[in-house]
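Close look at the chain arrangement
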Amino acid sequence: MIEINLAEPQLSIEYNKRQKTEELDPSIANNTLNVLSLFSGCGGMDLGFEGAFSVPTVLINKNLSDDFIENEIDEKFSVLRKTRFKTVFANDILPDAKNAWINHFFKRGDYYCADKFRSESIVDLVKLHNSNESVFPESIDIVTGGFPCQDFSIAGKRKGFDSHKNHHGKIKNINEASEETRGKLYMWMKRVIEITQPKMFIAENVKGLVNLENVKDIIQKDFSSINGNGYFVFDPQVLHAADYGVPQSRERVIFIGVKKSALKGDMLKKLQKKILSPDINPYPKPTHAYTHKSEILAPHVKLSDVFSLLQEPNLSDDLSQKYFSKAKYMGAHCQGQTEIKMNGIAPTIRSEHHGNIEFRRLSVEHGGKQLEELEQGLIERRMTPRECGMAQTFPIDYEFVIENKQKRKGSFLVSPSQAYKIIGNAVPPLLAHHIAKRLEKIWDLYF
């Protein structure tokens, strides 16, 4: 078992006390690629793009990803190498996501002060820009964003473009403008791209989007039309996180677009070819064998490989492991009432589970299979936020459950229930890191 030593949580009202940005070495600054992050959540995509975070070493296929690891902490954990990407702007409407993001990123450096994260909706941010307020930084190289997926998710009501919620996540009024519904917020991401003119953008959503009539084609066409057909948008691809070392069943459709006028020479012609050369394909190749099979791929990572690194909640001082949903077993016919398979991967970590996160361990009476653990006296319980975070490949020092020490005992800056939500909304950092490493490799070929 690894002992987790967590730093004292930073509280919201303290974040603004240290806002002086350290001067960067000019040679480093010139090599940096500035990232504007939209729908950032608690920062899964941002962490992945920047690198320099810890993961269980077993998640990395060293034969295919020999440039991923900066150093090994011990025999269990390694730190991933820092990339050229740096988050200069982040945004989300969820206060808990903001608190968790700032709490973690502030520890990565003084640069990540509170003013780097905007909590207005993307619609309101664009409107502020249109009213001549300075909102978005200049010199943006790449825009990333996992625009809201609930309206396209199989687990949701699948309203798609006809979402019943507005851009603040509230039930919309019947007369609200349709362009401001949650299901069409990608159009406002498009407007941010039009404003900031990045060389590249990455948009992410659930696999269910591709099965909703011609939604995928509409979104691809809309992104292509930015600035008068100014961006080339690759055919979107569905990536399964388990193919990249993530011990979880999570499939995401990824849209990648590049600014035509920024491309070198005849690169646009090369990208537009029917068969894209592997040397310039922006999508990362799988490193683990889950949906893909090859001798060069590592076996997919099992939950037992990562959960064995954790203590049981009653033995842990880590609040994200100590607190967990106490929702009782409701019968196998209900969602979230199954026991995870330790020799397999986790089910998709959901954001909207209302306490019914899957069980880490069921009793024999309820069909539990972890007999050896049960014989040791370990209790029936659901997965903890930490375990969900590990299944998502967040670093083990990421604090999801954060106490509010300025209020009464038992008050939270991020509560356990909200911790589950922001974890389930996140892009797995390791999946994002694979995308970032691939883009870093082909960047100077493109631009």
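To start, this report covers the structure provided alongside it. All values reported here derive from a predicted model rather than from experimental measurement.

Quick look at helix α14 (residues 429-446) now. Because an α-helix packs 3.6 residues into every turn, residues spaced three or four apart end up facing the same way. A rise of 1.5 Å per residue sets the reference length of α14, with its 18 residues, at 26 Å; its end C-alpha atoms lie 24 Å apart and thus fit the reference within 8%. The largest bend along α14 reaches roughly 30 degrees and is located at E440. Across the 18 residues of α14, 15 count as buried, placing the element largely inside the fold.

Attention now goes to the nonpolar core. It is characteristic of soluble globular proteins that their nonpolar side chains tend to be buried jointly. With 116 residues, the main nonpolar core has F49, M189, M200, F223 and Y446 as its most contacted residues. Tallying contributions element by element places α14 first for this core, with nine residues. The residues touching F49, leaving out its near neighbours within four places in the chain, are T83, F85, I142, T144, I202, A432, I435, A436 and L439.

Two numbers describe how helix α4 (residues 122-130) lies on helix α5 (residues 185-196): the axes approach to 9 Å, and their chain directions differ by 35 degrees. In this structure, the crossing between α4 and α5 has a hand that is left-handed. Two secondary-structure elements touch here, α4 through I122, V123, V126, K127 and H129 and α5 through L185, W188, M189, R191, V192 and I195. Of the residues assigned to the contact of α4 with α5, the class counts are eight nonpolar, one polar and two charged.

Turning our attention to the pairing of strand β8 (residues 200-206). Most of β8 is tucked away: seven of the seven residues are buried. Taken together, the four bridges between strand β7 (residues 142-145) and β8 define a ladder with parallel strand orientation. Paired with G145 across the two strands is A203, which belongs to β8. Sheet topology places β8 next to strand β11 (residues 251-259); seven bridges connect them, and they run antiparallel.

For the rest of this paragraph, the subject is α4. Buried within α4 are the following residues: I122, V123, L125 and V126. One side of α4 carries all its buried residues, which in axial view fall inside an arc of 165 degrees. The secondary structure elements touched by the buried residues of α4 are β1 (33-38), β5 (85-91), β6 (117-118) and α5. Backbone geometry just downstream of α4 places N132 in the positive-phi region, at approximately 75 degrees.

Before going further, it helps to spend a moment on the pairing of strand β4 (residues 77-80). Of the two faces of β4, the one holding F77 and V79 and the one holding S78 and L80 are both buried throughout. In the sheet, strand β2 (residues 54-56) pairs with β4 via three bridges, with the strands oriented antiparallel. In the strand pairing of β4, S54 is matched with V79. Here strand β3 (residues 69-72) pairs with β4 via three bridges, running antiparallel. Note that in β4 the partner of E72 across the bridge is S78.

Relative to each other, α5 and helix α6 (residues 215-224) sit at 20 degrees, their axes nearing to 10 Å. Considering the angle they form, α5 stands roughly parallel to α6. In the crossing of α5 with α6, the sense of the turn from one axis to the other is right-handed. Facing Y186, M187, M189, K190 and I193 of α5, the residues of α6 in contact are I218, I219, D222 and F223. Partitioned by chemical class, the residues of the contact of α5 with α6 number seven nonpolar, no polar and two charged.

Rules of the game
- Residues numbered from 1 in each chain as written.
- Predicted model: local features only at pLDDT ≥ 70, side-chain atom pairs only at ≥ 80, totals over all residues.
- Heavy atoms only, no water.
- Helix = DSSP H or I, 4+ residues; strand = E, 2+ residues; numbered from the N terminus.
- Expected span 1.5 Å × (residues − 1).
- Bend = angle between axes of the 7 residues up to and from the residue.
- Buried < 20%, exposed > 50% of the residue type's maximum accessible area, 1.4 Å probe, protein only.
- Core = buried A, V, L, I, M, F, W, Y, C linked by side-chain atoms within 4.5 Å.
- Contact = heavy atoms within 4.5 Å.
- Axes fitted to C-alpha atoms, helices over the stretch in contact; angles between N-to-C directions.
- Left-handed = near helix turned anticlockwise from the far one by under 90°.
- Nonpolar A, V, L, I, M, F, W, Y, C, P; charged D, E, K, R; others polar.
- Pairing = 2+ DSSP bridges.
- Arc of directions from axis to C-beta.
- Parallel < 35°, antiparallel > 145°, perpendicular 65-115°, else oblique.

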